[in-house]
Amino acid sequence: MEFTAQQIADFLKGNVVGDPAAKVNNFSKIEEGTPGTITFLSNRKYERFIYKTKASIVLVNEDFIPAASIESTLIKVSNAYTSLAKLLDLVEQSKTKKSGIDSSAFISITASVSKNCYIGSFAYIGENSEIRNGCMIYPHVYIGDNVKIGDNTILYPHSVIYDGCSIGKNCIIHAGAVVGSDGFGFAPENGEYKKIAQLGNVIVEDDVEIGANTTIDRAVIGSTTIHKGVKLDNLIQIAHNVEIGKNTAMAAQVGIAGSTKVGANCVFGGQVGLGGHINIGDNTQVGAQSGIISNVKEGSRIMGTLAIPVKKFMRSSILIAELPDIYKTIIRLEKEIEELKKNKQ
């Protein structure tokens, strides 16, 4: 499909600067722009590329003022990045969707599959499970017994939903993700570990996205709960009885130990590790590779990793919080020493 700058501006409620008849039929990165493509500039460190890009149209923020001439037609919008996301979503929605039930799929006679669903080849749907309207179940997906999948949810190939788990509406679960596997529960007994039965489930609420090869363990008793709007990257481990608040986002390789509760609207960088049985307050931001073993207050911004002997770590962690004051004291003492030296002379 081909669109003009004016059509795109009308859709995004933006303003055209340049040729409103400029046409595009694809996307490009700003540094690799070619004629017939649309790109965007939201991060000013890439501004140098806008003066030499060959892209026909560039989305920019309303406050962007060029420092030199630009060949491309500009569309000024309130937020270039979110406007690009709207365009990408529009293209995605226009794609032809798969439909129908493949003859090689297995669906239990006690399962319920609603209208307009796609069930791919060799997918498995267990007893008493319910697949609601508009779901897309790709090849080799495994859905156990007594599972509920909400409207318009997508399960990509080789994703696994264990018995008794519940997935909400408009969710996306990527390839290889596992929801409802056993939690890491073992009791030491006579020098060995005895497995503790994991009898709970996982509840994933609406509008959640779960990345490839991410695992979410079922609860020992009760539910591991992923609340509405949570976004999980690839290769994340969420242990039994964890609760993640709505609209929280986690980058790849985050690991959360059992029974920890994460608040709403939190952001976690890659490889963050959370200890068990702690609470992370709402609106917390955690930098990459941070390790957290105690409660975190609402609205905190934290970062840091330190691997040293435990006793030394405990003593050092107390000092870390005092370092800004210690630094001020050192500066003050240095000034006093210099004054004493001058007076002595």
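Please refer to the structure placed before this passage.
Overview of the structure. What you see is a predicted model; the values in this text were computed from it and never measured. (Residues numbered from 1 in each chain as written. Predicted model: local features only at pLDDT ≥ 70, side-chain atom pairs only at ≥ 80, totals over all residues. Heavy atoms only, no water.)

1. Regarding the pattern of salt bridges
Rules: Between Lys or Arg on one side and Asp or Glu on the other, a salt bridge is scored when a side-chain nitrogen of the former is within 4 Å of a carboxyl oxygen of the latter. Accessible area is worked out with a 1.4 Å probe on protein chains only. A residue is then buried under 20% of its type maximum, exposed over 50%, and partly exposed in between.
A complete count under the given rule lists eleven salt bridges for this structure. For Glu32, the salt bridge identified is with Lys29, shortest N-O distance 3.5 Å. Glu92 is the salt-bridge partner of Lys95, the closest N and O atoms lying 3.3 Å from each other. Given the relative accessible area of 48%, Lys95 is considered partly exposed. Each of the salt bridges in this network shares a partner with another, and the network as a whole consists of Glu130, Arg132, Lys148 and Asp151.

2. Here's the deal with the packing of aromatic side chains
The condition is simple: In this scheme Phe, Tyr and Trp rings, the latter by its six-membered ring, pair at centre separations within 6.5 Å, and the angle between planes marks the pair as stacked below 30 degrees, edge-to-face above 60, and tilted otherwise.
Taken as a whole and judged by the stated rule, the model has seven aromatic pairs. Site record: aromatic cluster; members linked through ring pairs are Phe106, Tyr124 and Tyr142.

3. Section: unusual backbone geometry
Quick note on the threshold: The numbering of helices and of strands both runs from the N terminus, where a helix is a DSSP run of H or I of at least 4 residues and a strand a run of E of at least 2.
The backbone phi angle of Gln253 is positive, close to 70 degrees, even though this residue is not glycine. By the secondary structure assignment, Gln253 is in the loop between strand E31 (249-250) and strand E32 (255-256). Judged by its relative accessible area of 40%, Gln253 falls in the partly exposed class. Although it is not a glycine, Gln271 sits at a positive phi angle of roughly 65 degrees. Mapped onto the elements of the fold, Gln271 is located in the loop between strand E34 (267-268) and strand E35 (273-274).

4. Details of the sheet that holds strand E5 (residues 37-41)
This is how the line gets drawn: Pairing between strands is defined by DSSP: at least two bridges between them are needed. Whether two residues are in contact is decided by their heavy atoms: any pair within 4.5 Å suffices. Only C-alpha atoms enter the line fits that serve as axes; for helices the fit covers just the stretch in contact. Angles between N-to-C directions range over 0 to 180 degrees.
One open sheet holds the five strands; their spatial order is E2-E7-E6-E5-E4, and the pairing between them is mixed. Of all the strands in the sheet, the pair left with one neighbour each is strand E2 (15-17) and strand E4 (26-27). Bridging between E2 and strand E7 (residues 73-77) involves three bridges; their strand directions are antiparallel. Each bridged residue has a counterpart across the sheet, and for Val16 the counterpart in E7 is Ile75. Docked against the sheet, helix H1 (residues 5-12) engages E2, E5, strand E6 (57-61) and E7, running at close to 5 degrees with respect to E7. Relative to the sheet, helix H3 (residues 80-94) contacts E4, E5, E6 and E7, its axis offset from that of E6 by approximately 135 degrees.

This is a description of form; function is not addressed.
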